[in-house]
Every structure is written in C-alpha cells, then in structure tokens.
Number of protein chains: 4
Amino acid sequence: MFIRINPRSSTPLYEQVMEQVKELIAKGILESGEQLPSVRDLASQIVLNPNTVSKAYKELERNGVIVTIRGKGTFVADASDRKLDLKQLEQLRQQLQRLVIEATYAGIKKEELTQWIEEEFQTLKGEGDRNAD
Amino acid sequence: MFIRINPRSSTPLYEQVMEQVKELIAKGILESGEQLPSVRDLASQIVLNPNTVSKAYKELERNGVIVTIRGKGTFVADASDRKLDLKQLEQLRQQLQRLVIEATYAGIKKEELTQWIEEEFQTLKGEGDRNAD
Amino acid sequence: MFIRINPRSSTPLYEQVMEQVKELIAKGILESGEQLPSVRDLASQIVLNPNTVSKAYKELERNGVIVTIRGKGTFVADASDRKLDLKQLEQLRQQLQRLVIEATYAGIKKEELTQWIEEEFQTLKGEGDRNAD
Amino acid sequence: MFIRINPRSSTPLYEQVMEQVKELIAKGILESGEQLPSVRDLASQIVLNPNTVSKAYKELERNGVIVTIRGKGTFVADASDRKLDLKQLEQLRQQLQRLVIEATYAGIKKEELTQWIEEEFQTLKGEGDRNAD
DNA sequence: GTGGTCTAGACCACT
DNA sequence: GTGGTCTAGACCACG
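Analysis parameters
Residues numbered from 1 in each chain as written. Chains lettered and ligands numbered in written order. Predicted model: local features only at pLDDT ≥ 70, side-chain atom pairs only at ≥ 80, totals over all residues. Heavy atoms only, no water. UniProt positions renumbered as here; feature names shortened; annotations may be inferred. Helix = DSSP H or I, 4+ residues; strand = E, 2+ residues; numbered from the N terminus. Axes fitted to C-alpha atoms, helices over the stretch in contact; angles between N-to-C directions. Parallel < 35°, antiparallel > 145°, perpendicular 65-115°, else oblique. Left-handed = near helix turned anticlockwise from the far one by under 90°. Contact = heavy atoms within 4.5 Å. Least-squares fit on C-alpha atoms with pLDDT ≥ 70 in both. Buried area = accessible area lost by both parts, 1.4 Å probe. Salt bridge = Lys/Arg side-chain N within 4 Å of Asp/Glu carboxyl O. Domains from an automatic or database assignment. Near = heavy atom within 4 Å. Polar contact = N/O pair within 3.5 Å; in protein donor to acceptor, adjacent residues only side chain to side chain. Nonpolar A, V, L, I, M, F, W, Y, C, P; charged D, E, K, R; others polar.

As recorded by an unreviewed UniProt entry, chain A carries the name Transcriptional regulator, GntR family and is attributed to Halalkalibacter nanhaiisediminis.

See below:
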C-alpha cells in the first residue's frame, strides 16, 4: 500500500491514514475482501506509532469501510455494508456549501468547479481501470 | 448580523464565526466597505468570549476578508484586496477530491453532485438579490 | 447440530460456539447424555479452526455443561451435574442490572421488559416441545 | 462522583467507567446539563490513566450520553438527545435471550427473574428519589 | 484548565 | 501473528 503521511500537516495523522485508505478503495486499488497490512506493518512502513494506525483502522471500521476479524487481520468491507445515513448526507452537503463559498472567494466560476469535479471523477475511474489491467 | 453558533459542534467556535461572516459576504448581505460590529458587541450578541470573536476577526483579516482600521472599526475588505495564492487553490482542490471520494462512498453520482453545486450557487446568488432589493 | 458463526462479530468465536451449544441444550434439542460431534467434525462443519472448537468444549466442560469421556467422545452433562455457585448468580444479577439500565436509556418500560422475558421463555419451551414431538 | 473500578475484572477499565457513569445518570444522581469531572480529575480520583478515562468519555459521547465542549468540559446530555436505533434494540433483545438461557441453567424460574427486574427498577428509581430530596 | 493527538512500550486474548 | 487495552508522559488547540 502506497500511503504517504505529512507529519507537518495540521490534519491529524490518523485522519490522513483514513483518507488515503478510503482513496485507495474508491480507486479500486484495494478491493472488497482484500486484506489490509497489519497495524504494526503499516505503522512501521509509514513510520507511525501502531496506536495511531490502530485508531485510523477503528474509525474506518466504524464507518463500515473495513472489517476487522480478531486474530486474523483487517479487510476491505463489502460495498453493500457501507452505511449512508441522513446525517452524513447533510454533512456532505454542508461541506459542499463551504467549498462553494470558498470557491467564489477564489474567483472560481460554477463552470470551472463542475469541470474540476468531472476531472476528479475521471481520476478515480482512471486509476481503478489501470489497476484492473 | 445574523450569526448562529453551535457550541456543541466539533468545529472550533472561532471557525464557525469565520465561516458565517464569509457566508454573509459571499451572499452580498455584507458589502465591501460595510462596517462589522465591534468584537465586544458581536461577542455579547452571540454569547461568546470576546477572545474567541477577536481570534475570528484576526484570522479573517489575515485572509484579507476584512480590514480593521485603528480607532474606527473593522470593515469588509474590497474584493480586489482578497488574497488567493496557489496554496489556497491547491487546498480547495484537495478538499474537492475528498468530497468526491466521500460522495462515491455515499453512492452519489457525478450528475447529482454537479446538480448540488448548481443549487448552492443559486442559493448564494438568490440571497444576494433578495438583499439588494 | 445447527450452529451459525459470525466471524465478523466482536464476540470471540469460541464464545459464540459456547452460547449456541448452551442454547441448543436449553431448548431441549440436545438432551442429557446425548453425544456431541467431535471437535474435528464440528470444526469442519462450521469452518473453524479445531483449536477454537476445542477451547469452547473445554470451557463448557469447566462449566459442567458437557462431559468428555476419554476415547468415547463428549456428551451433554446431566442437569444435576451443573454447577451454580454464588459468583455466577451475582454475575447474572449484575448483567441484569446493566440490561435494565440500558433498557431505561432505550426508553423501554418495566412492563415491556417483563413481556420480553415472557416471550423468551415461551420460545425456549416452544422449541423444546417441537423437538420432543 | 463515586466511581469504583475493579482493576482485576476482565471487562476493560474504560467500559467499567462507561457503565458506572450511565448508572449514575440512570439513577438521576447526575442530571442533564450537569458537568462531569474533567478527564484528569476523574483519572486521578480513580487512579487511572487519563487516556483511559478519555476513551470512556469519547465512547459515551458517541452514544449520545454526554456532550463535550472543547475547552470547557464534558456535560450530561439532554435525555432527548439520546440515540435509540433498531440495532441497539436488537442487541438488547439478544442480551436478554442469553440472560434467560443462563438463568434457566441456574435453575431460575420466570417469576423469579421478573421479580429481579422489578427490584432493579425500584433501585434505580429509589436512588434517584433519595438524590432528589 | 479543557479535551485531542501522538509516541513508546508493555501485556493480553484470540486464531 | 492479529488487534485490543493500558500506562506514562508529552505537546497542542481551544476558550
């Protein structure tokens, strides 16, 4: 797993791990049922304390992104197991509102923003396809 | 100024203030050159520690959103004074990437997301127009 | 023996086996003196490591629920052989206290809870009768 | 707050803290809006590491039992804020099933069990009343 | 002073 | 070997 942590960023290390794992799954580089590196392995790979990685894994499990089986390891959850409640949708919507406001500050037009989204979706899909080859 | 703070949210109080001020400006409810309430006034209005409001104002000034003039007060900055460096653009782009990933997890399609953006821009513009009447 | 294991549950696999064996006995589906499948057989049936099944059997024997006779196999113990010391009673009582507290949090009234117990006892008895036919 | 921890119990320390806080709230000894001791205070009171207490508090917040406000402290949540989803009800029901099975093993009759429940509810209410005096 | 994050290192239960 | 729990002690952001 290619995970890169920026220890100087203000976003917590465990959140950075969460984001990148989610990204790998969204891109299809990690597939359902696939085993993730063990807490200790990943911790030594990215030079983090095992507790920090463990915290990231536990949060991801709570989000239904991964599943951990005691004594065996942690695995990517089935897509069907993912949770999507109303609160999350609202949060997403609120994030988007903030983003739109910031964008207007930066002088970014609606067309430009939708173009960006188009590109991001392409990137996700593209990397997944490359992986599938 | 209509600002509502949620003390139980996990986002810092001063950031909530910043977001809402930015929102009011983006909507055109606060216009360039308009005076903002003093730190004390705003603090007592929304029942917050003046230090917290002060921190929000300072951060907003650092971003070039507002300007404080000694002995006169704080005012909404001219749109031309806003700073938009490359770092901010990158951050915006990264936020959007995260949002797209989260959206795919929530099963939201590209079309739906662009539709949302359309709506958010309409909301901004709409409230601004209403205010301009 | 119809035993279903959920490897993703947080309760240990061996405890799940224990619970289900106890349930089968409580329902009268397994009767005193009846032979249980061998560790190997049960392990292959429910796709578990034999060590895990073995641990469950050992624990059940420690509780006096089953007995293993060297060279013959393991059998359901006589009801008279079951051990019920004071510690277990206290534990039971404590579990019930926790359950009552959780129930009040869930807004469940006393009458509802006693009704539930009524139903659980009926279920136990009912399945036993069906099996006795 | 009178919290007693048993370091030799097999149930995790942080769960013991959770249970006892819930108990105090259920009994009405801690009321809605009331402030809990700080993480450090409680930790030194019951001779635990602050991290352990913090973990308990965070879990309790996730359950909607308490609310923490950054920089101010943690408080008992409003009863209306408590979450009660279907999964929790199912879990409760399953716990009760196990309890009934264990009870039959211990030779406890239905009437006895319902009597116990009656007593537990009385205890909860009783301590609350005593506190209200 | 409050809680949140992180590290280092230890022990335990489960498979 | 796996993850889960716990301690000790440090630093930081928030109010």
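Engineer: What is the right way to read the UniProt feature "coiled-coil region" (unreviewed entry) in chain A from this model?
Structural biologist: Those places that UniProt annotates as "coiled-coil region" (unreviewed entry) correspond, in this numbering, to residues 79-106 of chain A. Taken end to end, residues 79-106 of chain A is 71% helix and 0% strand, and its two terminal C-alpha atoms sit 36 Å from one another.

Engineer: Help me understand the packing of helix α4 (residues 86-105) of chain A against helix α1 (residues 13-26) of chain B, please; the structure alone is not making it clear to me.
Structural biologist: How two helices pack is summed up by the angle between their axes together with the distance between the axes. Interaxial distance between α4(A) and α1(B) falls to 10 Å at its minimum, and their mutual angle equals 60°. Overall, the two elements α4(A) and α1(B) adopt an arrangement that is oblique. In terms of crossing hand, the pair formed by α4(A) and α1(B) is left-handed. In this structure, α4(A) uses A:Q97, A:R98, A:I101, A:E102, A:T104 and A:Y105 to contact α1(B), whose residues at the interface are B:E19, B:K22, B:E23, B:I25 and B:A26.

Engineer: Before we go on, may I ask you to explain the relation of the copies chain C and chain D in this structure?
Structural biologist: The pair of chain copies shares a relation made of a rotation about an axis and a shift along it. By a simple turn and slide, chain C fits onto chain D: the slide is 0.1 Å along the axis, the RMSD is 0.3 Å, and the turn is 179°. Both copies are brought into coincidence by an operation consistent with a two-fold rotation axis. Across chain C, the rotation axis passes nearest the C-alpha of C:T114, at a separation of 2.9 Å. Here 100% of the interface residues in chain C have copies in chain D that are interface residues too; the copies meet face to matching face.

Engineer: Even after reading the chapter, I still don't get the interface of chain C and chain D, so can you show me in this structure?
Structural biologist: Quoted interface sizes are often the accessible area lost when the parts come together. The partner chain D presents 35 residues to the 35 residues of chain C that form the contact. Between chain C and chain D, a total of about 4000 Å² is buried, with carbon and sulfur atoms accounting for 70% of that surface. On the chain C side of the interface with chain D, the three residues burying the most area are C:R93, C:Y105 and C:F121, jointly 19% of the side's total. One can count 10 salt bridges joining chain C with chain D.

Engineer: Even after reading the chapter, I still don't get the domain arrangement of chain A, so can you show me in this structure?
Structural biologist: Structurally, chain A comprises domain 1 (13-81) and domain 2 (86-132). Each of domain 1 of chain A and domain 2 of chain A has a C-alpha centre, and the two are 24 Å apart.

Engineer: How should the interface of chain A and chain B be read in this particular structure?
Structural biologist: Across the boundary between the two partners, chain A contributes 35 residues, which contact 35 residues of chain B. Here chain A and chain B share an interface that buries about 4000 Å² over both sides, 70% of which is from carbon and sulfur atoms. For the chain A face of the interface with chain B, the top three residues by lost area are A:R93, A:Y105 and A:F121, together amounting to 19%. At the boundary of chain A with chain B, the tally comes to 10 salt bridges.

Engineer: Looking at this model, I keep getting lost on the protein's contact with DNA strand E. Mind explaining?
Structural biologist: Taken together, 27 residues are adjacent to DNA strand E, and A:L13, A:N49, A:N51, A:T52 and C:L13 come closest. When the atoms of DNA strand E within 4 Å of the protein are grouped by moiety, sugar and phosphate amount to 67% of the total. Here D:V39 contributes a backbone N or O atom positioned 2.9 Å from a phosphate oxygen of DNA strand E. Between D:K58 and DNA strand E, the recorded distance is 3.1 Å, taken from a side-chain N or O atom to a phosphate oxygen. Only α1 (13-26) and α3 (50-62) of chain A, α1 (13-26) and α3 (50-62) of chain C together with α2 (39-45), α3 (50-62) and β2 (73-76) of chain D provide two or more residues apiece to the surface near DNA strand E. Of the residues contributing to the surface near DNA strand E, the split by class is 8 nonpolar, 12 polar and 7 charged.

Engineer: In this structure, what is going on with the relation of the copies chain A and chain B? I would like to understand it.
Structural biologist: Of the transformation placing chain A onto chain B, the axial shift is 0.1 Å and the rotation is 179°, giving an RMSD of 0.3 Å. In this assembly, 100% of the residues forming the interface of chain A have copies in chain B that are likewise at the interface, indicating an isologous arrangement.

Engineer: Is there a simple way to think about the UniProt feature "domain: HTH gntR-type" (unreviewed entry) in chain A in this case?
Structural biologist: Under the local residue numbering, the UniProt record ascribes the feature "domain: HTH gntR-type" (unreviewed entry) to residues 11-79 of chain A. Regarding residues 11-79 of chain A, the helix share stands at 49% and the strand share at 12%, and the terminal C-alpha atoms are separated by 27 Å.

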